[in-house]
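Fold and geometry: a report
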Amino acid sequence: MAELNIKRPKGTQDITPKEVNKWQTIEGVCKSAAEDYGFSEIRTPTFEDTKLFVRSVGDATDVVQKEMYTVTSKGDSEFTLKPEGTAGVIRAVIENGMLNEAFPQKLFYITQCFRHEKPQAGRLREFHQFGCEMIGTKSPVADADLIMLAADVLERIGITGTKLNINSIGCPSCRAEYTKALRKYFSKYTDTLCETCISRLEKNPMRILDCKSPVCSGIAKDAPVILDYLCDECKEHFDKLKSILDAMGIEYSVNPRIVRGLDYYTKTVFEFICDNIGAQATVCGGGRYDGLVQDLGGADTPALGFAMGIERLLIAAKQCNAEFIEHLNCDIYLASIGEDALLKTAQLARDLRGAGFVAEYDIVGRSLNAQMKYANKINAKFSAVIGYDDIKKGVVRVKNMETGEIDNLSLDDSFLDRFSDVLTSYVFGDEFLLDKD
RNA sequence: GUGGGUAUAGCGUAGUUGGUUAACGCGUCAGUUUGUGGCACUGAAGACCGUGGGUUCGAAUCCCACUACCCACCCCA
């Protein structure tokens, strides 16, 4: 027989039970923070019409040009596994008539995304994003509120030491002016710029500002700055945002070199950087996309949003020694001696489980000693041993596994209530029982 | 797509002048202990030393190729 050796695809990961509580913690924090800010969850398909991403993310971007997982389904249209979350949400908002509901629409999602990249620390081919979108407000107060939410999420997770960078990349009209100025500036250096930057000169000269090649960044240092080219409206928007952030006490630095790599961004862009998680340091990125809704066929509607990479949040949280919720431990392990007792423990386990307790019994066929060792290993709070005599006497000895104390409980209908009391006093202390008696 | 690093049991590691049966810790299972776990002791299972070639009487060890993973560039969350 041929030996199968199937491994998970490159750039994917298994989240084992040992890790899953960390994911649950982070997802829980994201969800509850978003809900505290008035956001509702939206779920959209894992794959979409390829044209959606080409149109929104931009056909000149790396994401569209070389990172999409595209499939054709039975000769139908071309579909693409979503490389980011915003496009699908906006498509759904338009398609479901949500633009006719009260503005602003405030939506969040937690979803996997797919990009065909070479994996490294903080970058996978299947990864997960928590994202928030606000649709239907052009006020800079919304920008500030969204940034406040992002900052809150990081803080609630326990990620400290992040830096917020903000910038404005203007609207299509002022950006055109700026792009012209950039081309003029960089075209003086065509013989020294790196190869990719030469091609950027044509397509999107703003990306040269972001090049990490020492030569290019040296040249970029003295390049024109977008902020000097903003039109009055964009400038006022950005100034207003800064003053609101100041008033809120949110620290930031203006970094005219940050440029989001997706084409739909306008005006405000921002990112939260975490230095100690490797080269992929952007833990949150977002901004305005005032033209996207209209581009995708909706009414002219301003909007903005951000996304966080959950894998990166996890790395950052671990670096910061953030606390994670623990898994549910076993409340009681029911050990048995003999067949009759085993059946009794099975019955009892069912009753306990029905009452909301985590109960386990021997489904392996172990010796009593081995059962107790197992109870210890799974960190059971209590154990009980049931044998012939106990069934006859109608008494069961319940042992506190931490202190070793043993309580005698009668093995009848009152057992559930009595055990509930025992467990309550174990978890909260005796005083919580006073009301009951 | 371009670099650099790594590859020995489930996990973490030791093992170079090439030399029997590849070692240790953790973990798993069992026993010491057929009415009570943690500690301790004893034992067991588990590795064709990433794959394929080559050199050699002999390769985990030396050489070549390949693959996988990691890190970085790029890009982005």
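See the structure shown above.
Quick word on the packing of aromatic side chains
Under the defined criterion, the tally for this structure stands at 14 aromatic pairs. Measuring from centroid to centroid gives 5.5 Å for Tyr-178 and Tyr-229, while their planes differ by 55 degrees, and the two rings are tilted. Placement of Tyr-178 in helix 6 (residues 172-186) and of Tyr-229 in the loop between helix 8 (214-220) and helix 9 (232-248) is noted, with a sequence separation of 51 residues between them. Look at Tyr-229 and you get partly exposed, because its relative accessible area is 32%. Between Tyr-185 and Tyr-189, the aromatic rings sit 5.4 Å apart at their centres with planes inclined by 50 degrees, giving tilted as the arrangement. The buried category is assigned to Tyr-185, whose relative accessible area is 11%. For Tyr-189, a relative accessible area of 28% gives the class partly exposed. Here a set of aromatic residues connected by ring pairs shows up, and it is made of Phe-357, Phe-382, Phe-415, Phe-419 and Tyr-426.

A few points about the nonpolar core
By size, the foremost hydrophobic cluster in this structure holds 96 residues, and its most contacted members are Phe-130, Phe-186 and Phe-306. A total of 9 residues in this core trace back to one element, the largest contributor, which is helix 5 (residues 140-157). What Phe-306 contacts, discounting residues up to four positions off in sequence, is Tyr-109, Phe-130, Gly-131, Cys-132, Leu-146, Leu-149, Ala-150, Phe-270, Cys-284, Gly-285 and Gly-286.

Digging into the sheet that holds strand 1 (residues 40-41)
The strand order across the open sheet built from 8 strands is 1-5-6-11-10-9-7-8, with neighbouring strands paired in mixed fashion. Taken across any chain shown, the strands that pair with only one partner, and hence form the sheet edges, are strand 1 and strand 8 (253-254). Direction of pairing for strand 7 (residues 163-168) relative to strand 9 (residues 266-273): antiparallel, over a ladder of 6 bridges. Considered in strand 9, the bridge of Ile-166 is made with Phe-270.

Concerning the packing of helix 1 (residues 17-36) against helix 11 (residues 310-319)
In contact at an axis separation of 11 Å, helix 1 and helix 11 are set at 105 degrees when each is read in the N-to-C sense. What the angle tells us is that helix 1 and helix 11 run roughly perpendicular. Contacts from Glu-19, Lys-22, Trp-23, Ile-26, Glu-27 and Cys-30 of helix 1 reach helix 11 at Ile-310, Glu-311, Leu-313, Leu-314, Ala-317 and Lys-318. In the contact of helix 1 with helix 11, the residues fall into 7 nonpolar, no polar and 5 charged.

What to know about the environment of Tyr-426
Mapped onto the elements of the fold, Tyr-426 is located in helix 15 (residues 415-428). Separated by 303 residues in sequence, Tyr-426 and Arg-123 place their C-alpha atoms 44 Å apart. In this structure Tyr-426 touches Lys-381, Phe-382, Asn-400 and Glu-402, once residues within four positions along its chain are discounted. A distance of 3.2 Å separates polar atoms of two side chains, one belonging to Tyr-426 and the other to Glu-402.

Comments concerning helix 5
End to end, helix 5 covers 26 Å across 18 residues, agreeing with the expected 26 Å (1.5 Å per residue, within 8%). Buried within helix 5 are the following residues: Pro-140, Ala-142, Asp-143, Ala-144, Leu-146, Ile-147, Leu-149, Ala-150, Val-153, Leu-154 and Ile-157. Backbone nitrogen of Val-141 and a side-chain oxygen of the N-cap are separated by 3.0 Å at the start of helix 5; the cap is Ser-139. Just downstream of helix 5 lies Gly-158, where phi reads positive at about 105 degrees.

Conventions we followed
- Residues numbered from 1 in each chain as written.
- Chains lettered and ligands numbered in written order.
- Predicted model: local features only at pLDDT ≥ 70, side-chain atom pairs only at ≥ 80, totals over all residues.
- Heavy atoms only, no water.
- Phe/Tyr/Trp six-rings, centres within 6.5 Å; stacked < 30°, edge-to-face > 60°.
- Helix = DSSP H or I, 4+ residues; strand = E, 2+ residues; numbered from the N terminus.
- Buried < 20%, exposed > 50% of the residue type's maximum accessible area, 1.4 Å probe, protein only.
- Core = buried A, V, L, I, M, F, W, Y, C linked by side-chain atoms within 4.5 Å.
- Contact = heavy atoms within 4.5 Å.
- Pairing = 2+ DSSP bridges.
- Axes fitted to C-alpha atoms, helices over the stretch in contact; angles between N-to-C directions.
- Parallel < 35°, antiparallel > 145°, perpendicular 65-115°, else oblique.
- Nonpolar A, V, L, I, M, F, W, Y, C, P; charged D, E, K, R; others polar.
- Polar contact = N/O pair within 3.5 Å; in protein donor to acceptor, adjacent residues only side chain to side chain.
- Expected span 1.5 Å × (residues − 1).

Read these as layout, nothing more, since geometry by itself doesn't imply function.
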